[in-house]
Amino acid sequence: MKAVVITRPGGPEVLEIQDRPEPRPGSSQVRIRVLASGLNRADVSQRLGRYPAPPGVPADIPGLEYAGEIDMVGDGATMWSVGDRVMGIVSGGSHAEYVSVHEREVIAAPHGLGIEECAAIPEVFITAYDAIFSQLRMGAGESLLIHAAGSGVGTAAVQLAKIAGVKSVGTSRSPDKLHRASELGLDTSIVVQNDDWPAQVRAATDGKGADGVLDLVGGAYFKGNIEAIALRGRMIIVGLTAGSSAEIDLRRVMQKRMTIAGTLMRSRQLEEKIQVARTFSDRIVPMFDDRRLKPVVDRIMRFADIREAHRIMESNENFGKIVLAWG
């Protein structure tokens, strides 16, 4: 099979399309013929040598999500049949023509969507749903601050918040991205130009501050999050595009009586990933079927153009997902 291979840590030029052995499905596994896959920031970090794959996952083949068709069924697997249209997340290796996964991690592709659209769903919508509802436990009437609201996870979070009756406050350095996010349901837009955005968040929430913070940026935003969050607010760190170090005034954390959490989907144990997949399949996929939710695809590119796709993502040109397709 063909696969994207990271030949060494470095820039996009280290990526190559190489031939690799096709995986065989093990017990209770199925093999998926990958037709399309989303590109994620984690793939860029892995290419740079900053986000290594966990044990048991191809160390040099990136890719955290897939959409395609069941191609082969392993011993003991009974949930799926050859030819079923499916999607899902993996810990790595999906930027290849085939990937084998446990059958209970697989999610049926929504009806009526093209396979490239399906490829834009798993990583960002599962991440956003898990962070907002399973961990932050956001509820109707509360407010949620979403950093990088024009990103893949950001656009998913905006839509999920709208459906749940959660008021969304989004930040971005791009007014155009915020305008497009408002068309998805973003309630309040804040263009980050200096350090006054925490005050703007408080103003947008009648002085209270945000009940929840979905931080997809990290770095220096952490200090501002503490000032922007409400009393007894909850914050979850999902991304670190602005860096992994931050200055913290622990007195303010105590005064706010706030809760700080971090999350990673990639390194979770199999049973936890299965639970997330099954919950998402039951509760969220039907909303794609009836068009209450929609994947946000910035562009569809061929895997042969993987280097250019990485360059576009690093330049922050995209709004929503860059999808890669074989063919």
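Residue indices begin from 1 for each chain and proceed along its sequence in written order. Only residues with pLDDT of 70 or above have their local features reported here, since the model is predicted, and side-chain atom pairs are shown and tallied only from 80 upward, although totals for entire chains, interfaces and linings are computed over all residues. Remark: hydrogens and water are excluded; side-chain values derive from all non-hydrogen atoms of the structure.

Now, about the pairing of strand 15 (residues 321-325): what can you tell me, with residues and values included?
The classification of residues rests on relative accessible area computed with a 1.4 Å probe and restricted to protein chains. Under 20% of the type maximum is buried, over 50% is exposed, and intermediate values are partly exposed. Segments assigned H or I by DSSP are reported as helices when at least four residues long, segments assigned E as strands when at least two residues long, and all are numbered from the N terminus. With respect to burial, strand 15 is a largely interior element, five of its five residues being buried. Burial of the side chains of strand 15 extends over both faces: K321, V323 and A325 are buried on one face and I322 and L324 on the other. When DSSP finds at least two bridges between two strands, those strands are taken to pair. Direction of pairing for strand 3 (residues 29-39) relative to strand 15: antiparallel, over a ladder of four bridges. Pairing of G38 across the sheet is with V323, part of strand 15. As paired strands, strand 14 (residues 297-302) and strand 15 are joined by five bridges and run parallel to one another. Across the sheet, R299 pairs through a bridge with I322, a residue of strand 15.

Help me get a handle on the environment of G38, residues and values and all.
Counting through the fold element by element, G38 comes out in strand 3. C-alpha of G38 to C-alpha of G150: the two residues are 112 residues apart in sequence and 16 Å apart in space. Contact partners of G38, with chain neighbours within four places excluded, come to D43, E65, H95, A119, K321, I322 and V323. Between two residues, a contact is recorded if the distance between any of their heavy atoms is within 4.5 Å.

I'd like a rundown of the pairing of strand 8 (residues 143-146), residues and numbers included.
Side-chain alternation along strand 8 places S143 and L145 on one buried face and L144 and I146 on a second face that is also buried. Here strand 8 pairs with strand 9 (residues 167-172) via four bridges, running parallel. Within strand 9, the position partnered with I146 by the bridge is G170. Once the chain exits strand 8 it traverses helix 4 (residues 152-164) before rejoining the sheet at strand 9, and the crossover so formed is right-handed. Across three bridges, strand 8 lies against strand 11 (residues 210-215) in parallel orientation. Bridge pairing in strand 11 links L145 to V213. A clockwise path from the first strand over the helix to the second, with the strands pointing away from the viewer, defines a right-handed crossover.

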